[in-house]
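# Per-entry structural report
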Amino acid sequence: MEGNVAVSWRDKKPLDNFKLLIFFNKKYGSFKGVYKDFEEANSKLPINTKKGYNNLDSAERLLNFVEESKKQIFEHEYPPFFWLNNIINGCNKTNIKIFDFGGAYGWHFFKIAKYSKNNNFSWTVYDVEEIIKIAKDKFEGDRLKFTTNFEEVNNSDIFFSAGAIQYAEEFS
């Protein structure tokens, strides 16, 4: 796969890394800790913080990140993209159906479609309702669909998720 790679933390100036460490908890979506369950984790959220991504504020903030994110493959994305690309390129099927759990606005689709040798796949993104409402309007097309219906996973050949399963309170 070819293209631009995001700058690694190792490539940044030491002061930038220090700022990132100090202000980690102040950034949106940057909460850390070990909790016994979702209820305990939610009880530790700062006051005035919306829970999860199923609200308009969170959906819009995430949307602002999409355009920049589509332009490059970040270093943490290389392993899943490498293997997914190998599967796509090695498959004789004419339309591989990929189900992306927690795929937000389809940025993984845009990246793999841009850098893969083959475009013999379609992509369905499953996410929360607020994100899917916006995503359908802005990004849905012939090969990229959006859904809030998890049962659509049954129509797919590949289940893909990159950093979303830990947000599922119940996953089975």
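Report follows, based on the coordinates. Small disclaimer: the values here were computed from a predicted structure and weren't measured.

## A word on a negative patch on the surface
A cluster of like negative charges, contributed by D37, E39, E169 and E170, occupies part of the molecular surface. Within the secondary structure layout, E170 lies in the segment after β4 (158-160). Under the relative-accessibility criterion, E170 is labelled exposed at 75%.

## Some remarks on the pattern of salt bridges
By the definition in use, this model includes three salt bridges. For the salt bridge of E77 with K111, the shortest nitrogen-to-oxygen distance reads 2.8 Å. Of the two residues, E77 is situated in the loop between α3 (56-69) and α4 (78-90) and K111 in helix α5 (residues 107-115); the sequence distance between them amounts to 34 residues. For D157, the salt bridge is made with K93, and the minimal N-O distance between the two is 2.7 Å. Of the two residues, D157 is situated in the loop between β3 (144-147) and β4 and K93 in the loop between α4 and β1 (96-101); the sequence distance between them amounts to 64 residues. The class of D157 is partly exposed, set by a relative accessible area of 41%. With a relative accessible area of 38%, K93 lands in the partly exposed category.

## Brief notes about the nonpolar core
Ranked by internal contacts, the top residues of the largest apolar core, which has 30 residues, are L84, I98, Y105, F121, W123, F139 and L144. The set of elements that each furnish at least two residues to this core consists of α3, α4, β1, α5, β2 (121-126), α6 (129-139), β3 and β4. Discounting chain neighbours no more than four positions away, the residues touching W123 are L84, I98, D100, H108, F109, I112, R143, L144, K145 and F160. Counting residues in hydrophobic clusters, the runner-up holds six residues, among them F101, Y126, V153 and A168.

Cut-offs used in this document
- Residues numbered from 1 in each chain as written.
- Predicted model: local features only at pLDDT ≥ 70, side-chain atom pairs only at ≥ 80, totals over all residues.
- Heavy atoms only, no water.
- Patch = residues over 30% accessible without salt bridge, like charges linked within 9 Å, V, L, I, M, F, W, Y side chains within 5 Å.
- Areas by Shrake-Rupley, 256 points an atom, 1.4 Å probe, with all protein chains shown as cover.
- Salt bridge = Lys/Arg side-chain N within 4 Å of Asp/Glu carboxyl O.
- Lys, Arg positive; Asp, Glu negative; His and termini not counted.
- Charge placed at Lys NZ, Arg CZ, Asp CG, Glu CD.
- Helix = DSSP H or I, 4+ residues; strand = E, 2+ residues; numbered from the N terminus.
- Buried < 20%, exposed > 50% of the residue type's maximum accessible area, 1.4 Å probe, protein only.
- Core = buried A, V, L, I, M, F, W, Y, C linked by side-chain atoms within 4.5 Å.
- Contact = heavy atoms within 4.5 Å.

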